[in-house]
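The chain contents come next:
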Amino acid sequence: MRIHALNTGSVHVKHAFLFPSAGARRQLDLFLPGPWSDPLPILCWAVEHDGRLLLVDTGETASVRNVPFARFEVSPDQELPAAFAAAGLSLDDVAEVVLTHHHGDHVDGLVHVRAPVRMAEDELRFVATAFPRLMRRVLRQPLPAGFAPQPLVLNSGPFGAFARSRTLSEDGRIVAVDTPGHTPGHISVICIDDGGRHVMLAGDVTDTLEQLHSRRADAVGPDPSVHVATLDVVLAHCAEHPTVYLPSHDPESVARLEGAVTVS
Ligand SMILES: [Zn+2]
Ligand SMILES: [Zn+2]
């Protein structure tokens, strides 16, 4: 098995995004003036296994618009085709795309991919509801043209500490697990590497490993208690299995992947 980190540009987010206030100001602060972070990567992942290439998320594109709490730096030569070329891979070889959740910095790169796409059925249901539809309009963040993933049903039973999962490879070494919080239907993909470690492609479960250890819900999830419950499940999983934890926007993710550094 080989896991490639693909970097499709960077994003600055407001401090209030990474360290939200409690209570009513949690989301309000996102829209008020405030300090910004250093650039964070916008990562997605290609997994080569058993002669099959799985793409987990698709990164951002240069056409992205800034929002009140995120400023993007993505040039056309950072989009998925260039990221694939840099990794020595071909987009034509992608067998399937699995999306962790519906946010633009994870799905906009779909414009470059022809392979079948799946996203959790809970996330598909959420995307169609009124509030996210309104936010996409207000923030001018439309879903990419032709966005129509097939529903991924988490019907393969528990996996480690996770109550619901779906096997994504014949040998069961690639598994989608239920990680709601950042969005209601967010999933992560766990790949059991050749050393038996669980490499967790964590999407936006947290922005950093520090946020996981701090059990801190983010500013955008609809229900912080759901988010914290998921962080506790992830930590329980990491305690049971050596886990390399790789959020999409953690500046340390690539080094942790390359060094096979597990959560301790
Ligand atoms: Zn997100
Ligand atoms: Zn994201």
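Shown above is the structure to which this text applies.
Just so it is clear, the structure is predicted and the values come from calculations on it, not from any experiment.

Colleague: What am I meant to see in empty space enclosed by the protein here?
Modeller: Gaps left between atoms show up when a probe the size of a water molecule is rolled over them. Summed over all chains, the structure comprises 1 cavity of 30 Å³ or more. Estimated volume of the largest cavity: approximately 40 Å³. Taken together, Ala-120, Glu-121, Asp-122, Leu-152, Val-153, Leu-154, Arg-164, Asp-178, Gly-185 and Ile-187 form the lining of the largest cavity. Per-class residue counts for the lining of the largest cavity are 5 nonpolar, 1 polar and 4 charged.

Colleague: Can you help me understand the side chain of Ser-165 in this one?
Modeller: Residue placement: Ser-165 occurs in strand E8 (residues 165–167). Residue classification places Ser-165 among the buried residues on the basis of a relative accessible area of 2%. Of note is the side chain of Ser-165, whose polar atom sits 2.7 Å from the backbone oxygen of Gly-157. Every residue in contact with Ser-165, bar those within four places of it in the chain, is listed here: Leu-154, Asn-155, Ser-156, Gly-157, Pro-158, Phe-159, Val-175, Ala-176 and Val-177.

Colleague: What exactly am I supposed to notice about the coordination of the zinc ion (ligand 1) here?
Modeller: Only His-101 (NE2), His-103 (ND1), His-182 (NE2) and Asp-204 (OD) from the protein coordinate the zinc ion (ligand 1), and they sit 2.1 to 2.2 Å from it. Classification of the site at the zinc ion (ligand 1) rests on its 4 donor atoms, whose angles at the metal span 91 to 171 degrees, yielding the label irregular. Taken in chain order, the donor set of the zinc ion (ligand 1) reads H-x1-H-x78-H-x21-D. Distance-wise, the zinc ion (ligand 2) is placed 3.6 Å from the zinc ion (ligand 1), both being coordinated by Asp-204.

Colleague: I tried to follow the packing of aromatic side chains on my own but got confused; where do I start?
Modeller: The geometry of an aromatic ring pair is captured by the separation of the ring centres together with the interplanar angle, meaning the angle of the planes. Under the defined criterion, the tally for this structure stands at 2 aromatic pairs. On the numbers, 5.8 Å between centres and 20 degrees between planes, the contact of Phe-17 with Phe-69 is stacked. Note that Phe-17 is positioned in helix H1 (residues 15–18) and Phe-69 in the loop between strand E3 (52–56) and strand E4 (70–73), a separation of 52 residues in sequence. Here Phe-17 falls in the buried class, since its relative accessible area comes to 11%. Ring geometry for Phe-31 versus Phe-69: centroids 5.9 Å apart, planes at 85 degrees, classification edge-to-face. Taken together, the residues Phe-31 in the loop between helix H2 (25–28) and strand E2 (40–49) and Phe-69 in the loop between E3 and E4 connect sequence positions 38 residues apart. Since its relative accessible area comes to 40%, Phe-31 is described here as partly exposed. The exposure class assigned to Phe-69 is buried, which follows from its relative accessible area of 11%. Put simply, the rings of Phe-17, Phe-31 and Phe-69 pair up and form one aromatic cluster.

Thresholds, definitions, all that
Residues numbered from 1 in each chain as written. Chains lettered and ligands numbered in written order. Predicted model: local features only at pLDDT ≥ 70, side-chain atom pairs only at ≥ 80, totals over all residues. Heavy atoms only, no water. 1 Å grid on protein atoms, 1.4 Å probe; cavity = no way out; pocket = protein on both sides within 12 Å on 5 of 7 lines; lining within 4 Å. Points joined across faces, edges and corners; volume = space filled by probe spheres on them. Nonpolar A, V, L, I, M, F, W, Y, C, P; charged D, E, K, R; others polar. Helix = DSSP H or I, 4+ residues; strand = E, 2+ residues; numbered from the N terminus. Buried < 20%, exposed > 50% of the residue type's maximum accessible area, 1.4 Å probe, protein only. Polar contact = N/O pair within 3.5 Å; in protein donor to acceptor, adjacent residues only side chain to side chain. Contact = heavy atoms within 4.5 Å. Donors = N, O, S within 2.8 Å, 3.2 Å for Na, K, Ca; no water. Tetrahedral: all angles 85-135°; square planar, octahedral: opposite > 155°, others 65-115°. Phe/Tyr/Trp six-rings, centres within 6.5 Å; stacked < 30°, edge-to-face > 60°.

Honestly, that's just the spatial picture; any functional story needs more than this.
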